[in-house]
Amino acid sequence: MTRTWCLTLCLLALLTGQGAHAQLSLDGLVSPPAPTEEAAPSDAPAEESAADPEALDAAQAALATAVPDLDDWKTRVEAAEALLASGTGSALALTRTREMLFGWRDRFQALDSLNARRIATVQAQLEALGALADGATDQPAIAARREALTDQLDELRAPAILARESYARANGLIAEVDDKLRARETTRLTERGPSPLNPLNWPAAWEGARDALRGISASAAARIDTNLSSGAMLRTLPLALLYLIVALVLLLWSRAWVVLLQDRVERSHARGRAVWSFLLSLWQIVLPTLGLSALILGLRQIGVLARSGDAVSQAIFGAGFITIVARWLNEQLFPLGESGGPLGYPAEVRARIRRNGVALGIGLAAIIIVGALMRSVGATDAATGVVVLPVQVLLAVVLFRLGYLLRHAPMNRQGKGGSAGRVRNTVGLLCMIVAIVTPILSATGFAAASDALFAPAVMTLAIFGVIIVLQRLVYDIYAPAEASEDAGPLMPVLIGFILVVLAIPVLSLVWGARATDLLEVWAQFRAGFQIGETTISPTDFLTFVMIFAGGYLLTQFVKRQLRSTVLPRTRMDLGGQNAVAASVGYIGIFLAALIAITTAGINLSSLAIVAGALSVGIGFGLQTIVQNFVSGIILLIERPIGEGDMIEVNGQVGFVRDISVRSTRIETFDRTDVIIPNADLVSGQVTNWTRGNLVGRLILPVGVAYGSDVEKVRSILLDIAQSHPMVIADPGPQALFMAFGDSSLNFELRMILRDVNWKIIATDEMNREIHRRFAESGVEIPFPQRDLWLRNPETLRPADMEDDAPEPAVTDDRPATARDASAMMDASDLHDTADADPDPDGGGR
């Protein structure tokens, strides 16, 4: 009844001209009229505007679930944007803002994979529904399900997208903060202040230095008076004396104790004494530093120094520590005694460099203390520059002398030439340049630039010195027990490379980089770099390396087990075993690379263009390599040759030692390796002497003189062959009379050897036996002879020679057998010549 009613309505609509707006469905329902082209643009935005806020609120709620303090982020980021917009924030405020943004950026970066597993599940569900072809329509149920899954996928992706948007916002603000801080630092370094050479600044400097000394002495006197009046001095004096005695002992005598222990260790013959000596030398830093700490504590107990928070006390400790480390480092680089040290300078030069290095450390310590004293009384930068300039000039002189010695001082033979000599020359030149430039900058008013150049340069020298000392320690650890001409182990080189890499961030901090700058570099490194549509991050790279390395090691383990345990228990020959093991190795490496790439998330589809370009290169430039590669696979599958086979190819005979993907290595009888491309083994002619079995035929050609007893010769040859242990009995050897030669009767002794690898040895043994038996039996082994016939010999005589001059006698020194054979051959030749071509002119021989 319902279907009939619907059909009636459709007919009425068609008759009235409204059928274009009616649609009949299969289930008997009529859909509402579709909007016209004019109405569609006005209705759709209204629906989207009503739905977008709801979707955005849902996404923000999901993000707030992962980030509970999301409102705090909104407040802080708005404050940061306001601070940057104002442009009046201090360096401290900008630094704190950057630290806040950095922490939030890391949190948002960690949310990039939010709902990742759930998104993967929904995507798998959509893929299970199948791809919708162009112009095709789904069934209603499938279409509804596809739409629901698509909406769910959008909802799951939205929080991660909002997190990436917040990450981009924080990252941009961090870049703005860094730009402002760098601009301010550049302004500070390039800004010119008052010159210390200006006499107008000298009175203020003198007053500042005097006030500093008076202030420190007055503060110390006040603290001592307070302790005396309150009675605290009596209570703290024993402890203070104890601290001072300990400090005196450690500062004055601890180094001598350590040196005595080092000498005792170095005189011993114990293995690793150099390492133990270095570890003992570290106490030259530890014990004096403890003594310095005890000194400061003792002075604080008395009241000479403030209890805590005193910049002068901190400066004294820092200056003392720099002096201690400078002395230790210079003694390690330029040691006392006859030892050349790691840099290879003679003893006199080492002493001079050591003194300058220690003086450089003491000068830096003095600058630190003077600067702290001037700042404690609030002295101006101009006054501080005037006081510090003389010390800077002295340090510049010391640094110039140090650089000159490093560059021009004579060195031992071990330190001359090579990359080490060039590095020393370069370092010495840079030291001399810094020593000249920094006093000029200070004198002209660029005190900040001078400080930013001199102190980092000296600290860089110290860092390089520490690297050299540690590298020397590593070489001592891995040094062989006996001296050899080898290059040495690889591990010290790798450790030295790691030390240099670890020194890079330290050098960056020394030269003015902030810790936030290093953190930014590390964050960008972790974020990765993008190649096409693929983003490669260190995490992905490490994942790839670890999975591939694990797969490679597993493949090698399986190959080793196959070669040693599994395959030897089968009936497969050695060549087949090697082929199976090599095939497993190649397949394992390929699967390891494929799994590593897939797990790391590297999209191989983006490499399609590169693969196309490579295919063109392979077709032209790499066709030989590809041909050898394919030939190597064919050799492993078909196995026409195997390891251990004796083959002959391209005129080379030898044993197959290794079959790789590109080439095959053959060891000849001269014990030389010949590399044969696999393509030659597949397309060329190859003789495999040991394929299938080791049995092979040996043919020995033998010639005897004319007139020898043929049967006797055959009997001797057969007897020799049958008596040899390498000749098999069935089929037995054969002695064949093959031909009448020019000078001999030619025989061939043919036999089958049990092992063709003994072919050369068997040939030698039987040839020697044939020679012995022929000599005993009187069988002669001839050699080739030729007779020379001259027609008209009289034409060779000189014209003045008389016709009746006697011909010179010709002596024949040949053995009797040779003369008889020659006479017999001459007679035969005369007979043949007379019959064939008589000489009408009577020519002679």
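Residues numbered from 1 in each chain as written. Predicted model: local features only at pLDDT ≥ 70, side-chain atom pairs only at ≥ 80, totals over all residues. Heavy atoms only, no water.

Visitor: Hey, could you run me through the packing of aromatic side chains in this one?
Guide: Where two aromatic rings form a pair, the distance of their centres and the angle of their planes describe that pair. One pass over the structure, following the stated rule, counts nine aromatic pairs. Geometrically, the ring pair formed by Phe334 and Tyr345 is tilted, given 6.3 Å between the ring centres and 55° between the ring planes. Of this pair, Phe334 sits in the loop between α11 (311-333) and α12 (347-376) while Tyr345 sits in the loop between α11 and α12; the two residues are 11 residues apart in sequence, bridging distant segments of the chain. Plain terms: the ring middles of Phe737 and Phe747 are 4.8 Å apart, the flat faces sit at 15° to each other, and that makes the pair stacked. Taken together, the residues Phe737 in strand β9 (residues 734-740) and Phe747 in strand β10 (residues 745-753) connect sequence positions 10 residues apart. Aromatic rings pair up to connect Trp73, Trp104 and Phe108 into one cluster. Over the aromatic face of Trp104 sits the side chain of Arg107, whose NZ or CZ is 4.5 Å from the ring centroid. (Phe/Tyr/Trp six-rings, centres within 6.5 Å; stacked < 30°, edge-to-face > 60°. Helix = DSSP H or I, 4+ residues; strand = E, 2+ residues; numbered from the N terminus. Lys NZ or Arg CZ within 6 Å of the ring centre and 35° of its normal.)

Visitor: What am I meant to see in the confidence of the model for the protein here?
Guide: When pLDDT drops low, the exact placement of atoms in the prediction is not to be read closely. Mean pLDDT over the protein: 78, with 79% of residues reaching 70 or higher. Model confidence for the protein, summarised as mean pLDDT per element, is weakest for helix α1 (residues 2-15) at 38 and strongest for β10 at 92. Note on residues 1-51: pLDDT under 50 across the span, and 15 contacts to partners over four residues away in sequence or across chains. Low confidence marks residues 809-845, where pLDDT is under 50. Its contacts with residues over four positions away, or in another chain, come to 25 contacts. (pLDDT = per-residue confidence, 0-100. Contact = heavy atoms within 4.5 Å.)

Visitor: Just checking my understanding: could you explain the environment of Thr672 for this structure?
Guide: Relative to the elements of secondary structure, Thr672 occurs in the loop between β5 (663-668) and β6 (673-677). Classification of Thr672 by relative accessible area gives partly exposed; the value is 39%. With 18 residues separating them in the primary sequence, Thr672 and Gly654 have C-alpha atoms 9.2 Å apart. What Thr672 contacts, discounting residues up to four positions off in sequence, is Ile666 and Glu667. Within the structure, Thr672 has its side chain in polar contact with the side chain of Thr668 (distance 2.7 Å). (Buried < 20%, exposed > 50% of the residue type's maximum accessible area, 1.4 Å probe, protein only. Polar contact = N/O pair within 3.5 Å; in protein donor to acceptor, adjacent residues only side chain to side chain.)

Visitor: Any chance you could explain the nonpolar core here in plain terms?
Guide: The nonpolar side chains of a soluble globular protein tend to be buried, and buried together. Grouped together as the largest cluster of nonpolar side chains are 30 residues, with contacts concentrated most on Phe334, Tyr345, Ile353, Leu360, Leu399 and Phe454. Taken together, the elements giving at least two residues each to this core come down to α9 (273-281), α11, α12, α13 (381-408), α14 (418-443) and α15 (447-478). Look past the residues within four positions of Phe334 in its chain and what remains in contact with it is Leu343, Tyr345, Arg350, Ile353, Arg354 and Leu406. Core analysis: the next-biggest nonpolar cluster, separate from the first, contains 25 residues, Leu101, Leu111, Ala170 and Leu181 among them. (Core = buried A, V, L, I, M, F, W, Y, C linked by side-chain atoms within 4.5 Å.)

Visitor: Help me out: how do you make sense of helix α18 (residues 538-566) in this one?
Guide: Note that an α-helix has 3.6 residues per turn; residues three or four places apart therefore point the same way. With 29 residues, α18 extends 40 Å from end C-alpha to end C-alpha; this agrees with the ideal 42 Å at 1.5 Å per step. All of the buried residues along α18 are Pro538, Gly551, Thr555, Lys559 and Leu562. (Expected span 1.5 Å × (residues − 1).)

Visitor: How should I be thinking about the sheet that holds β9 in this particular structure?
Guide: Across a sheet, strands are paired by hydrogen bonds formed along the backbone, either parallel or antiparallel in direction. A sheet is described by the order of its strands in space; here three strands give the open sequence β8-β10-β9, paired in antiparallel fashion. Taken across any chain shown, the strands that pair with only one partner, and hence form the sheet edges, are β8 (696-704) and β9. Here the average twist between neighbouring strands, direction ignored, is 25°. Pairing of β8 with β10 involves nine bridges; the strand directions are antiparallel. Note on β10: the bridge partner recorded for Ile699 is Arg750. Against the sheet, helix α23 (residues 710-723) touches β8, β9 and β10, its axis set at about 20° to β10. The sheet strands contacting helix α24 (residues 759-777) are β8 and β10, and the helix crosses β8 at an angle near 25°. (Pairing = 2+ DSSP bridges. Axes fitted to C-alpha atoms, helices over the stretch in contact; angles between N-to-C directions.)

Visitor: Looking at this model, I keep getting lost on the pattern of salt bridges. Mind explaining?
Guide: Pairing is possible between side chains that carry opposite charge, provided their charged atoms lie close to one another. The final tally for this structure, using the stated rule, is 19 salt bridges. As a salt-bridge pair, Arg169 and Glu81 come within 3.0 Å of each other at their nearest N and O atoms. Placement of Arg169 in helix α6 (residues 140-190) and of Glu81 in helix α3 (residues 70-86) is noted, with a sequence separation of 88 residues between them. Look at Arg169 and you get partly exposed, because its relative accessible area is 30%. Taken together, the shared-partner salt bridges in this structure form one network comprising Arg98, Asp178 and Arg514. (Salt bridge = Lys/Arg side-chain N within 4 Å of Asp/Glu carboxyl O.)

Visitor: Please clarify how the sheet that holds strand β3 (residues 646-649) should be interpreted in this entry.
Guide: If you walk across this open sheet you meet the five strands as β6-β5-β4-β3-β7, and the pairing is antiparallel. Taken across any chain shown, the strands that pair with only one partner, and hence form the sheet edges, are β6 and β7 (686-688). The average undirected angle you get between the axes of adjacent strands in this sheet is 40°. Two strands pair when backbone bridges link them, and β3 and strand β4 (residues 652-659) are joined in this way by four bridges, in the antiparallel orientation. If you follow Met646 over to β4, its bridge partner there is Phe655.

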